[in-house]
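Letter by letter, the chains look like this.
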Amino acid sequence: MTQASKAMPEKDIPRPAVQSNWWCAIVPSIGSILAALLALPGATVTTKYVNDLFVFLDGAYRIAAGQVPNVDFHTSLGPLTFYIPAVGYALSGSMGAAMPVGMALLILLFSLVAAAIVGSRMHWAIGLPLATCLLLVLAAPANPGERIGELSFAMFYNRIGWASLGLLLVMYLRRLPGASNGKGADATCASFLVLLMLYTKITYGAVGLAFLMFMLFDRRQISWVAMAFGIVAASILAMETLWGGGVKYLFDISLAGKNSGGLPTMTAIGHVTRNNFADLLAYLALAGILLSLTPTYRHLLFVGFCITTGILLISQNFQFFGIVTLGASAAVVLECLFRAELPSRYGRARIAVPLLIAFLLTPAAVGNAASLAIHAYYAAGGRGEAIPLPAFSGVRLVKMWSAGQYDYFQDYNRTLADASAALSQLDAGSQRVAVLDFVNPFSAGLRLTPPAGDSVWYHWGRTLGPDYHPAAEEMFADVDVILDPKWPIEIWTGNGMRDVYAHYIARHYGLVRETADWRIYRKNAS
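Residues numbered from 1 in each chain as written. Predicted model: local features only at pLDDT ≥ 70, side-chain atom pairs only at ≥ 80, totals over all residues. Heavy atoms only, no water.

A. Quick look at the nonpolar core. Counting 151 residues, the largest nonpolar core has M103 and L483 as the members making the most contacts within it. Setting aside its immediate chain neighbours within four residues, L483 contacts A419, L423, V433, A434, V435, L436, F442, W518, R519 and I520. Core analysis: the second largest hydrophobic core is formed by 15 residues, A472, M475, Y501 and Y509 among them. (Core = buried A, V, L, I, M, F, W, Y, C linked by side-chain atoms within 4.5 Å. Buried < 20%, exposed > 50% of the residue type's maximum accessible area, 1.4 Å probe, protein only. Contact = heavy atoms within 4.5 Å.)

B. Highlighting the sheet that holds strand β2 (residues 385-386). Read from one edge of the open sheet, 3 strands run β1-β3-β2, paired in mixed fashion. Each of the sheet's edge strands pairs with one partner strand only, and the pair in question is β1 (44-46) and β2. In the sheet, β2 pairs with strand β3 (residues 395-397) via 2 bridges, with the strands oriented antiparallel. Within β3, the position partnered with A386 by the bridge is R396. (Pairing = 2+ DSSP bridges. Helix = DSSP H or I, 4+ residues; strand = E, 2+ residues; numbered from the N terminus.)

C. Examining helix α6 (residues 124-139) more closely. Taking 1.5 Å per residue as the helical rise, α6 with its 16 residues ought to reach 22 Å, and the 22 Å between its terminal C-alpha atoms agrees with that figure. Within α6, 12 of the 16 residues are buried, which leaves it mostly tucked inside the rest of the structure. Those residues of α6 lying buried are I126, G127, L128, L130, A131, C133, L134, L135, L136, V137, L138 and A139. (Expected span 1.5 Å × (residues − 1).)

D. View of the sheet that holds strand β5 (residues 481-485). The mixed open sheet is built from 4 strands, whose spatial order is β4-β5-β7-β6. Sheet topology places β4 (433-435) and β6 (509-514) at the edges, where each strand pairs with a single neighbour. Looking at each pair of strands side by side, their axes are set apart by 25° on average, direction ignored. Judged from the 5 bridges that link them, β5 and strand β7 (residues 518-523) form a sheet pairing that is antiparallel. Across the sheet, the residue bridging to D484 is R519, located in β7. (Axes fitted to C-alpha atoms, helices over the stretch in contact; angles between N-to-C directions.)

E. Fine view of the pattern of salt bridges. Within the structure shown, the criterion is met by 16 salt bridges. For E150, the salt bridge goes to K48, with nearest N and O atoms at 3.5 Å. Remark: K48 occurs in the loop between β1 and α3 (50-64) and E150 occurs in the loop between α6 and α7 (156-169); sequence separation between them is 102 residues. Judged on exposure class, the residue E150 and its partner K48 are both buried. Between R432 and D478 there is a salt bridge, and its shortest N-O distance comes to 3.1 Å. (Salt bridge = Lys/Arg side-chain N within 4 Å of Asp/Glu carboxyl O.)

Have a look at this one:
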């Protein structure tokens, strides 16, 4: 392999000095347009996963009330998952605008990093489409791999992880010969992406750190990689000093790991491989072309890393299709082939490679662009049914293709209205409320004081289970009123929480109201 690679060295392709300036203008401009489409309507539109959206809004509200993630409430998600909507809430003053505005600011920042990385390492015809695709992944209010029009900010941390990791993979490429020496800029960009992943969803951050470890074996790039590790380490220490929740964050992740089973099983990996077979096959074809024309061990390890980590990441997501990193690394493959001195007889490969990359990137890009446009249209027009909690009036449920989803969450809205009316009759406005269900929407939705010591997200078999769950004494220490739903939004979670906490609730709380949808308990005077 090594001898063959020496026969086909990379071209020293000159690049004009103004290219970086051009990139610094065009990519942030695209990011600004996408951010504006998301934020300017000032509302959130959703067609599914409404309960997931409430997780992030509850966390944002808790932060606005002075709470700190993993210090005042449990979560296996990173603190940035809640600080992003919290910033959006602080700037807009609206729960309906919290997610769009928070994500719009992240898109603007991400576009600057994308311009720096892609502009220094890729030809514009390859880098510009890739940067646009990654920005669309970040901007689209939809879970990756789902149908156009299935709108939701649920699991938005996965979109952050996929886009950040996809951009980080571009740093496998060495800087273009015409690009200035920017070791400090490279280290800053890489560390930003890794920290963003670590503090939104740690699995992506672990893969990002593994990629930096792999890059240490590239002698021509080792200096900025070492600097990036130093920045990451210093940033973690600084974060821990300011935040103080790092150890509890790891404890909450450990608790979730005990309930969810840790690493994916071979059966789960087999399902992922089958569901994404066409994309994996196209990527393997690209990898085969790369390794046959520029056969190096470095390329082989890079391709193996991208396939393996992509499958592992998607298998632990609530996601069936769309390994975003395959498209990003395919663009890296194309850039590698573009730089290599290939004989003219390989002209067919020059045609096949762009077609394969288009197959990997175009469907997701079109779908994400359509979802963003649909969200902007419905949000700007005030369409849909408002969530029946005063603070959530800017969050609207819209009926798209799936009537079943719409009816399901309409019923959920009815139960929220029922609970809101009952709490008003009980004069519970000054009391702290907990819910035996997936999420508690009432603290943020009714602007109640949130309890401390509980969690923003309960998911049976994921964050808690019969053997591993937060202690009742901690969960309910600061809770005055408990709402027990007769029709939980997540039935296994509702039933499971009722079972494991039944004895504690019976000893410390009494039933004060029963409605068509809820049993309401208030803490005993003693």
